[in-house]
Amino acid sequence: MFRSIRWKFVTIYFILVLIAMLVAGIFIIKEIDDLHISEASQELEGVRHVLMPDLQDLMELSQNKELVLNIIEDYKRVSFGINEEVWVIDDNRNDVIATTGAGDSSFLKDEDSINLMVKARQEQKKQELVIKDINDNRAMVQVYPITNLGENTGILFLRRDLSSVDLTVNKIREIIIRVIVASSLATIVLGFIISKSISDPIKDITRKAVLMSKGNFEHYVQVKSNDEIGELSETFNFLTRRLKKSLREISLEKTKVEAIVNHMTDGVIAVDNHHHIILMNPKAIELLNFGTEGYFETDFDKLIEPISPTLTYNQITTEVEDWVGTQLITIEDSIVKFNYAPYVNDQDEKTGIVYVLQDVTDAEKLDAMRRDFVANVSHELKTPLTSIKSYTETLMDGYVDDPETQKQFLKVIDSEAERMTRLVRDLLQLSNFDSHKITFYKEYNDYIDLARKCVNQLMMSAKKKNITIKMITTQEQLVGLFDLHRMEQVVINILSNAIKYTPENGSVDIQVIERDDRAIVRVKDNGIGIPNDDILSIFDRFYRVDKARTRNMGGTGLGLSIAKEIVHGHEGSIEIESEFGKGTVVIISIPMDVTGF
Ligand code: ADP
């Protein structure tokens, strides 16, 4: 309670008034007391003036007792003061020769009285003292030596009772105490009222400041005066308005930055100098496969160490110059590119690291594919070109005279050229698929008819290997919407593969049926089959199970890739089931009424 400014104010105010009143009171009492004592002194001096000349005329005081008594009696008659008492004592202090007082003279034997008398007599001059009796009553005494022709003849002892002075002083003291008590009470009351006008606005400001610290900026302080407190209140309100505005701006800015960071296609992680995460956007969490837990303030080094120890804050800050770098990390099936750089505080000191994460899986895969593709194409072209070149050179050198051999050579050159043409044609077709330049001309056509036509086309090559090629169907017709020319290309490719990879005397069946509103074309052979490991990659460009052998058979390794593109263009699917050494089944399934054109 006494720690409040209000109580402090009242206490100080009270103490100040009390001290001032006490000092003034003490001073007044002392002055009055001094005044009265000096009056008493003057009164006694007056008595001496009256008595002393007569007493000094007498030679021997103790022998002129009558005369002394007369002098005293005269004095009593003429100018007797009620408060003054007179004693005439012989020079030896043995005898009181005369006195005005009827009262007690025993105090003359007191040490103070004796000392005064001895001193007055010795120094032959007046001695004065305020003495107190055993009841604490004060009295003023003046002692004069009585002399005659320079000889001490006796002592004049004057005494004035000061009880009336004490009475007055006590009365005044009482009044002053009352005044002090009253003014102290008034001070307390006034102090409370005045301090309230100071402490109330301060309390109000404190209350509003507490609310402000809790984020509530809706409260303002009432300005009730235009003094310093009023100024403080106005300044506080101004501060509240400014803070509110600044916070609104900051929060707007924060929301903007948050929206940008949260919706960035790149991941962002900011780590402080204690390697604690201070920011990690959803994309970064997704790229690092961290799940949805809160990562704020967690130790980044512990999280990243199992993924890549070289990306930890500790490692970068100790090993990497300028803390700037790039790293490619493989996380499960994805390739993530980490770009990192430090961020600095206002003193230009590096205080943390910002990591920017990019999913470069597609770009990297594309790059790898591009590299593979260029290598494959170069390789595919190199073989026929080498062959053509060597045959042409041999012919040009003129070493071969025999026309039959020459014809044989030219046939090889032609077939190699044909192979290259096929390859270039297939590549062009795939490139058109990639750039969506291929248009499907879909019309209602008969799948049974299509299959029959393809079988007929390949009958000769099947016969060459004594392969029986059979068509199995229970339906007369199976009409669906498809691009006749392209689907013919697919079926021919599948059938010719079946014939190509089936040894002599084998068999190839083609089955066309309708199932669940889809046309199913199934080509089955009992040929060499495809090993299990190769089946997944069989639709990849340039993929061949036995490269040397299949190349000799004239394959480019692009047939199935093209078939897949065409089937997908019909919203269908193509699958291969095979058992190595036993045979292969290719199943094409296409909706009867495809929607896309
Ligand atoms: P290619 O022009 O070399 O035949 P494809 O893309 O048509 O290219 O076929 C890719 C590879 O798949 C072939 O090289 C071959 O190894 C394998 N393959 C395709 N069909 C069959 C099949 N019916 N039997 C065995 N292997 C096959």
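Owing to the predicted nature of the structure, the values given are computational and were not obtained by experimental measurement.

> What is the right way to read the site of the ligand from this model?
Close to the ligand lie 21 residues; Asn 497, Asp 525, Arg 544, Thr 556 and Leu 560 are nearest. Between the ligand and Lys 500, the relevant distance is 3.3 Å, taken from an oxygen atom to a side-chain nitrogen or oxygen of the residue. For the ligand, a nitrogen atom lies 2.9 Å from a polar atom in the side chain of Asp 525. Isolated, the ligand exposes 530 Å² of accessible area, and the fraction of that covered by the protein chains is 97%. For the shell around the ligand, the elements supplying multiple residues, two or more each, are helix H12 (484–500) and helix H15 (559–569). Sort the elements by how many residues they give to the shell around the ligand and H12 lands first, with four residues. Class assignment of the residues belonging to the shell around the ligand gives a composition of nine nonpolar, nine polar and three charged.

> Mind showing me how you'd approach a nonpolar patch on the surface here?
A surface patch of nonpolar side chains, amounting to about 320 Å² of accessible area, comprises Leu 239, Leu 243, Leu 247 and Ile 250. Mapped onto the fold, Leu 247 is located in helix H5 (residues 228–262). Judged by its relative accessible area of 37%, Leu 247 is partly exposed.

> I would appreciate a short explanation of the packing of H12 against H15 in the present structure.
Two measures define how a pair of helices packs: the angle their axes make with one another and the distance between the axes. Contact pair H12 / H15: the axes reach a minimum separation of 9 Å and the direction vectors enclose 145 degrees. The handedness of the crossing between H12 and H15 comes out as left-handed. Here Arg 486, Met 487, Gln 489, Val 490, Asn 493, Ile 494 and Asn 497 of H12 lie close against H15, whose contacting residues are Gly 559, Leu 560, Ile 562, Ala 563, Ile 566 and Val 567. Within the contact of H12 with H15, the residues separate by chemical class into eight nonpolar, four polar and one charged.

Rules of the game
What you see as residue numbers is a count from 1 along each chain, following the sequence as written. For a predicted model such as this one, the threshold for reporting local features is a pLDDT of at least 70, and the threshold for listing and counting side-chain atom pairs is 80 or more; totals across whole chains, interfaces and linings nevertheless cover every residue. Side-chain figures throughout are based on the complete set of non-hydrogen atoms in the structure, without hydrogens or water. For each residue, the test is whether any non-hydrogen atom lies within 4 Å of the molecule or strand; if one does, the residue is near. Contacts described as polar in this section are N or O atom pairs within 3.5 Å, which, within protein, must combine one atom able to donate a hydrogen with one able to accept it, while residues neighboring in sequence count only if both atoms come from side chains. To be clear on the numbers: accessible area is Shrake-Rupley with a 1.4 Å probe, and residue cover counts the displayed protein chains and nothing else. Numbering of helices and strands runs from the N terminus, with a helix taken as a DSSP run of H or I at least four residues long and a strand as a DSSP run of E at least two residues long. Amino acids are sorted into nonpolar (Ala, Val, Leu, Ile, Met, Phe, Trp, Tyr, Cys and Pro), charged (Asp, Glu, Lys and Arg) and polar (every other residue, Gly among them). Patch members must show over 30% relative accessible area and no salt bridge, and they are joined within 9 Å when carrying like charges or within 5 Å when they are nonpolar side chains of Val, Leu, Ile, Met, Phe, Trp or Tyr. Salt bridges are defined by distance alone: a side-chain nitrogen of Lys or Arg within 4 Å of a carboxyl oxygen of Asp or Glu. Whether a residue is buried, partly exposed or exposed follows from its accessible area with a 1.4 Å probe, protein chains only, as a fraction of its type maximum: under 20%, in between, or over 50%, in that order. Lines are fitted to the C-alpha atoms to define the axes, a helix being fitted only along its stretch in contact, and any angle between axes, read from their N-to-C directions, falls within 0 to 180 degrees. In this scheme the crossing of two helices becomes right-handed for a clockwise turn of the near helix relative to the far one and left-handed for an anticlockwise turn of less than a right angle. In what follows, a contact means two residues having at least one pair of non-hydrogen atoms within 4.5 Å.

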